[in-house]
Amino acid sequence: MADKVRVQSTINEETVDFLCEPRQSLLETLRDVLGMTGTKEGCNDGNCGACTVIIDGRMVTSCLVLGVEASGKKIETIEGVSQPDHLHPIQQAFLEGAALQCGICTPGFIMASKALLQVEPKPSEERIRLWLAGNLCRCTGYDKIVRSVQSAATKMSGERR
Amino acid sequence: MQAFEYVSAKSVGEAVGVLSQHGEGARLMAGGTDVLVQLRAGRRPQVKVLVDVKGIGELNELSYNDRQGLIIGAAVPCYRIYEDPTVIKRYPGIVDSASIIGSVQIQGRASLGGNICNATPSADGIPPLIALGAVCIIAGPNNSRRELPLEQLFAGPGRTTLQNGEMLISVRVPPPPANSGAQYLRFTPRNEMDIAVAGVGAAITLNAAKNTFVSGRVVLAAVAPIPLLVPAAGQALAGKPVNDETIGKAAEAAVAAAVPITDMRGTIEYRKHLVGVLTRRALQGAIQRAKGV
Amino acid sequence: MTTTSGRTNTPATQYKVVGTRPIRHDGADKVTGRARYGLDFNVVGLLHGKILRSPHVHARIKSIDTSAAEKLPGVKAVVTARDFPANPKGQPIDFAEAGADVRVLAENIMAGRVVLYQGHAVAAVAATNEHIAEEALGLIKVEYEVLPALLDVRESMKPDAPLIHEKLTTFFTKDRQGRGENTGVKSNIATHLQFKRGDLATGFKEAHVVVEREFTTSMVHQGYIEPYVSTGQWGKDGRITVWTSTQNPFGIRASTAAILGVPESTVKVVSMEIGGGFGGKQPAYLDPVAAMLSKKSGRPVKIVMTRKEVFDSTGPASGSYLRCKIGATKDGRITAAELYLAYEAGAFPGSPIAGGAMSSFGPYKVENMMVEGYDVVVNKPKVQAYRAPGQPQTNFAVESVVDELAQKLGIDPLEFRIKNATDEGDLMPSGMVFPPMGLKQLEEAMKNHDHYKTPLTGPNRGRGIAVGYRFNGGGVSSATINVNDDGTVALVTGSVDIGGTRTSVAMQAAEVLGLRAEDVTPTVVDTDSIGWTGTTAGSRVTFDTGLAAITTAEEVKRLMIARAAKIWEVPPAEVAFKDGVFTSLKNPNDKLTFKQLAARLRATGGPVTASAINGSTGVGPIFAGNIIDVEVDPETGKVQILRCTAFMDAGKAVHPSYVEGQLQGGTAQGIGWALNEEYFLTKEGGMANSTFLDYRMPTALDLPLIDTVLIEVPNPRHPFGLRGVGEVPIVPPPAALANAIARATGARLTKLPMKPGTIWEAVEAHKAATKTKK
């Protein structure tokens, strides 16, 4: 076993120090070392998007990032999306639009949608589908997810105005 | 996953040093989207040291000038390439491939350099680069450097001609000639998030009247042990009029060169057929771009 | 963009809560990452388990040496089949003996003597982390003697095929539920099922046109996103606790206890949130293994399957071979129909031939009919339920032949269906009589829909339709309601919530009690904390657990009325309850709202609490239909779906958003099954494409918006008229797509998946055949 490495990172705007083995993925580190189980594991090879997090503004699948790579990075996870007293508009839209059934893919979809709306406030249906193609949902057929992202986009651009 | 040491290299020399010291026991990582999957699946049991090259400045270079063309550092992630205004304007064929490798999440990490060094026959990133005449810049022990046409880098599925202690620094793509265009097309059952059943990268240059091919290069993915440059397709184009017959001849040459296998992604017959279809379509797309349509 | 979800046939609002769209009770937890799935379970001292699996498709285990693994630092326990009392020596299973099921379960989770499919478990390890456990697997030495493998259902059925189980004999049955009679014939065919009525020869003689075709479908997987996971803890007091994501906690309790050879009452199953199941997450694969590793190590053990293990080693849906023949008169009346189906059971008997046979000709009046089904073992993982088990396969065959028949007769395919549609009082293929149902209303709604009325134009485009039927059996559910002082109630059930049923059940209790959906707090509890409850499957939770909640709520109402009567000193019969208000009939000024009365309960005799079960009535029949437009690239064979409308007779949609969700999700799964999903086998017979990358489930970019139309023909078996909506939506898409592709290209696809290469070959063959004719 290689020695554990000390890593300092910023997770959801808080400085976090932790120890991890080089072979531990960021996903494993978040879930097993830091107890942040909101980020989900679906395939562990980058093909389902359930473990999507945002690193330095860019969304990635955390199963394909090493925990040691978090050093000096700014990481956003599902645990940091809502405000103390209210949900993020995307979360609210998913609830109102019934965009989840079992909910296991939901944190990944919300992180991916957040990353999308940060760079494109008013994406088309086609653009939403392309952006979310790396996130698998087996329950919904995506219809209500796509509509909920559209509805969140509308609401968020309204708030910005 | 097997245990390994992690080294975040800060210079080419440091990375080359680790490679020289550990040989097969060391593996470079840029985005990690292939190597971590392989390690987890137990497909690279010999790896004891993983060398992260994202911290090396030279490998993060993405620049263009009219003299030497486009430099793509080996660790530059796909998104930087397809979001770059110069690449979008001058190299749409590269945008074609960089924007279909994996998901948007994968594109946030994966580099064309990694796609090249992983050397799978189905790699989408490679055919348009070869078609555009890309050259590899390779560093080796004792500060050595050499250049190699990209099509000469591949030795077989998953294997390159890089020697012990060598690493890919960047690829250089020549400035696009006037009246030139390129396109990469692949065929996949799903619309994204899939591996090419077959892929074709085509780059062509037309004469000033845009009615005759000056030259062309056609490169195939997923239908040979390596990304396959088809010189016969280029010969079928050079000096010939831009019409369906010429395009058809080039497609025939591509089909003739393809040596696919039957596997879960498709049969030999289907893949050869797709090479013909995709060559025609990619050439037509390249022509449209050359004409500025 | 297509129009938003629309509804038809909605009767005037008669309910206050049922039919509305409240936010689901567990929603905030699930959008913030707080919800705890089986995957998320953790506890101090937790060990991580990994399972060693067979690389061979069929082999005899000659020896297993675990000594090196046991010595690896960090390894705390290793187990093999010898550790499990249910089948300690790996003796061959005697299938003719009663109670064979536990032996099958035990053998399937840990092979004793023989491995029967690639991925069959042979040993397990618990270690301080998953990486060490994985390394330990590499140190276990297993010697195998490779045996011949059977991978095709027709090969396996041949009389001279090698026997996968030496004691397996064929049973013959005419009953959908009974096991039938033992024919005594040794074979890989476990069951031969036959439904028969009228006289086929006479019926086909009467027909002017007869279409007969053969079909094959590949094995497919449910594809739930959360992998199988379980944590087991064997306490020092001998009591076992299992934390897992399962559709069937009481089933896991029973099979875990049986495999471990302990009384059922010593096992407690704690249902964590579940990340999808679709029928596949009912059996115990990991739970007894985790518990046994815990017994040996003295610490809790968690096992998470890799995605490859999920594909290789859990229960997928049967691949099949089918033959369907239907005859009709010139004016479009079906005179005879015959269906042959042979399903892969995988390594042990149990494919859903009964479901497939029952569904088959359900939407059609057929006097002369024969359905013959065969349950056949092959060297593949043992199949499990997948949404409407066995039914998409037969529907693909029947609805393709019906479509071709209509085409040949020159009759509109929907008109043809309407002309032959079954109705209340007609016979199902199984011989049961149809109760009231909405098939005709569904087909009329399809015919009158804008989608069907809008012509489809353009080259290489085609429109396909199909109608699917399912009969839902149902089962038992328990419920408890506790009235809180503030006038809200807590609703406790044992039905794992896989897609929003906390809310759809709570809404029914709220309706009875005159409360808002938000005033009911639904909780799903462990097996020690609620009465026995059947599995979350079979489209039954909103129906059955809803009935249990209604019955319980009625009892709460009765107790609350009695309390009001006591306060007002009148007989209970003189207290009315309407719109959430209790009123004394004698003195109408005596009024108490539910909330006011709740506040007085503790001072007037104590809290009100009630428990009840549902009287099991069987959920009943349900129908769904699709209209799908496609465009096929004739050069590549690739299908793009241009427009898709899904119809269903929901009886009554309790929470329409989630009913639409079931319809959309089931349609999407049916589309995946139709177009790309398959178990692609290596030369040796293992699954070559056991990743989400190569299994190719549809992504958001592969599907259009799925427009939904809910028809509501009330189900008399439920006070609010519900039907079980979960499964039937997956049934029609494969046939609807095959029919659309046939109309787009002229080529009829008879093989699932209809992947691009297959379509291209069919189109080329069709072109060649058409040329020859000319």
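The structure displayed is predicted, hence computed values, not measured ones.

About the cut-offs
- Residues numbered from 1 in each chain as written.
- Chains lettered and ligands numbered in written order.
- Predicted model: local features only at pLDDT ≥ 70, side-chain atom pairs only at ≥ 80, totals over all residues.
- Heavy atoms only, no water.
- Helix = DSSP H or I, 4+ residues; strand = E, 2+ residues; numbered from the N terminus.
- Rg over C-alpha atoms; globule rule 2.2 N^0.38 Å.
- Buried < 20%, exposed > 50% of the residue type's maximum accessible area, 1.4 Å probe, protein only.
- Areas by Shrake-Rupley, 256 points an atom, 1.4 Å probe, with all protein chains shown as cover.
- Lys, Arg positive; Asp, Glu negative; His and termini not counted.
- Charge placed at Lys NZ, Arg CZ, Asp CG, Glu CD.
- Domains from an automatic or database assignment.
- Contact = heavy atoms within 4.5 Å.
- Buried area = accessible area lost by both parts, 1.4 Å probe.
- Salt bridge = Lys/Arg side-chain N within 4 Å of Asp/Glu carboxyl O.
- Nonpolar A, V, L, I, M, F, W, Y, C, P; charged D, E, K, R; others polar.
- Polar contact = N/O pair within 3.5 Å; in protein donor to acceptor, adjacent residues only side chain to side chain.
- Pairing = 2+ DSSP bridges.
- Axes fitted to C-alpha atoms, helices over the stretch in contact; angles between N-to-C directions.
- Parallel < 35°, antiparallel > 145°, perpendicular 65-115°, else oblique.
- Left-handed = near helix turned anticlockwise from the far one by under 90°.

What about the overall build of chain C?
Along chain C, the regular secondary structure elements total 21 helices and 30 strands. Since a compact globule built from 774 residues should have a radius of gyration of about 28 Å, the 27 Å found for chain C is in line with a globular shape. Oriented by its inertia axes, the alpha-carbon framework of chain C measures out at about 90 × 75 × 50 Å. Sorting the 774 residues of chain C into buried and exposed places 66% on the buried side. Total accessible area computed for chain C in this model is approximately 26100 Å², and 51% of it derives from carbon and sulfur atoms. The distance from the centre of the 85 positive side-chain charges to the centre of the 80 negative ones in chain C is 1 Å.

Looking at the domain arrangement of chain C
All names here are of chain C. Looking at chain C, the domain boundaries give domain 1 (27–35 + 474–615) and domain 2 (150–434). The C-alpha centroid of domain 2 is placed 36 Å from the C-alpha centroid of domain 1. Facing the 19 residues of domain 1 at the interface are 18 residues of domain 2. Summing both partners gives a buried area of about 1400 Å² for domain 1 against domain 2, and 55% of it is carried by carbon and sulfur. It is Val-496, Ile-498 and Thr-527 that lose the most area in domain 1 upon contact with domain 2, and together they represent 38% of the buried surface on that side. At the boundary of domain 1 with domain 2, the tally comes to two salt bridges. Between Glu-273 and Arg-502 there is a salt bridge, and its shortest N-O distance comes to 2.6 Å. Classifying every residue of the side of domain 1 that touches domain 2 gives seven nonpolar, seven polar and five charged.

Re the side chain of Asn-420 of chain C
Residue and element names in this part refer to chain C. Mapped onto the secondary structure, Asn-420 falls in helix H12 (residues 413–420). Judged by relative accessible area, which is 4%, Asn-420 ranks as buried. Engagement of the side chain of Asn-420 in a polar contact is seen with the backbone oxygen of Phe-416, the distance being 3.0 Å. Those residues within four positions of Asn-420 in sequence are excluded, and the remaining contacts are Gly-332, Arg-333, Ile-334, Pro-363, Tyr-364 and Lys-365.

What to know about the sheet that holds strand E6 (residues 121–127) of chain C
Residue and element names in this part refer to chain C. Read from one edge to the other, the open sheet built from seven strands follows the order E4-E6-E2-E15-E12-E13-E14, with strand pairing classed as mixed. Either end of the sheet is taken by a strand with one partner, and the two such strands are strand E4 (75–80) and strand E14 (267–271). Each neighbouring strand pair of the sheet contributes to a mean axis angle of 20°, computed without reference to strand direction. With five bridges connecting them, strand E13 (residues 240–244) and E14 associate as parallel partners. Bridge pairing in E14 places Thr-244 opposite Ser-271. Along the sheet face, helix H4 (residues 130–137) touches strand E2 (47–53), E4 and E6 and points at about 30° away from the line of E2.

So, the interface of chain B and chain C
Tallying the contact residues gives 22 residues for chain B and 23 residues for chain C. Summed over both partners, the interface of chain B with chain C buries about 2200 Å², with 50% contributed by carbon and sulfur atoms. When the buried area of chain B at its contact with chain C is split by residue, Arg-190, Asn-191 and Met-264 of chain B rank highest and sum to 33% of it. Linking chain B with chain C are five salt bridges. Between Arg-265 of chain B and Asp-694 of chain C there is a salt bridge whose closest N-O contact spans 2.5 Å. Counting across the chain B and chain C interface gives 19 residue pairs in polar contact (both at pLDDT 80 or more).

Some thoughts on the sheet that holds strand E5 (residues 74–76) of chain A
Residues and elements named next belong to chain A. Across the sheet, five strands lie side by side as E2-E1-E5-E3-E4; this open sheet has mixed pairing. Every other strand in the sheet has two partners, leaving strand E2 (14–20) and strand E4 (58–61) as the edge strands with one partner each. Strand after strand, the sheet turns through a mean of 40° between neighbouring axes, direction not considered. In this sheet, E4 lies alongside strand E3 (residues 52–55) in antiparallel orientation, the contact comprising four bridges. Along E4, the bridge assignment pairs Val-53 with Val-60. The strands touched by helix H1 (residues 26–33) are strand E1 (5–11), E2, E3 and E5; relative to E2, the strand with the most contacts, the crossing angle is about 100°. In this fold helix H3 (residues 106–119) packs onto E3, E4 and E5, with an angle of close to 35° to the strand it touches most, E3.

Details of the domain arrangement of chain A
Residue and element names in this part refer to chain A. The domain architecture assigned to chain A consists of domain 1 (5–80) and domain 2 (89–156). Each of domain 1 and domain 2 has a C-alpha centre, and the two are 21 Å apart. Contact with domain 1, which involves 13 residues of that partner, is made by 14 residues of domain 2. Carbon and sulfur atoms supply 64% of the area that domain 1 and domain 2 bury against each other, a total of about 1200 Å² over both sides. When the buried surface of domain 1 facing domain 2 is broken down by residue, Ile-54, Met-59 and Ile-78 rank first, second and third, together holding 40% of it. Linking domain 1 with domain 2 are one salt bridge.

Thoughts on the environment of Arg-190 of chain B
Relative to the helices and strands, Arg-190 of chain B is located in the loop between strand E11 (180–187) and strand E12 (198–206). Once you skip the residues sitting within four places of it in the chain, Arg-190 of chain B turns out to touch Leu-136 of chain A together with Lys-638, Phe-692, Leu-693, Arg-696, Met-697, Thr-699 and Asp-702 of chain C. A distance of 2.8 Å separates a polar atom in the side chain of Arg-190 of chain B from the backbone oxygen of Met-193 of chain B. Among the polar contacts made by the side chain of Arg-190 of chain B, one reaches the main-chain carbonyl oxygen of Leu-693 of chain C at a distance of 3.4 Å.

Examining the pattern of salt bridges
Here the idea is simple: oppositely charged side chains can pair when their charged atoms come close. All names here are of chain C. Summed over the entire model, instances satisfying the criterion amount to 71 salt bridges over all chains. Here Lys-652 ties to Glu-712 by a salt bridge, and the two come within 3.7 Å at their closest N and O atoms. Here the residue Lys-652 occupies a position in the loop between strand E28 (639–649) and helix H18 (656–675), and Glu-712 occupies one in the loop between strand E29 (706–711) and helix H20 (733–745), the gap between them amounting to 60 residues. Judged by its relative accessible area of 6%, Glu-712 is buried.

Considering the packing of H18 of chain C against H20 of chain C
Residues and elements named next belong to chain C. Where H18 contacts H20, the axes come no closer than 8 Å and their chain directions differ by 55°. Classified by the angle their axes make, H18 and H20 are oblique. Considering how the two elements wind past one another, H18 and H20 form a crossing that is right-handed. Residue-level inspection shows Thr-667, Gly-670, Ile-671, Ala-674 and Leu-675 of H18 in contact with H20, the latter providing Pro-733, Pro-734, Leu-737 and Ile-741. For the contact of H18 with H20, the class distribution of residues is seven nonpolar, two polar and no charged.

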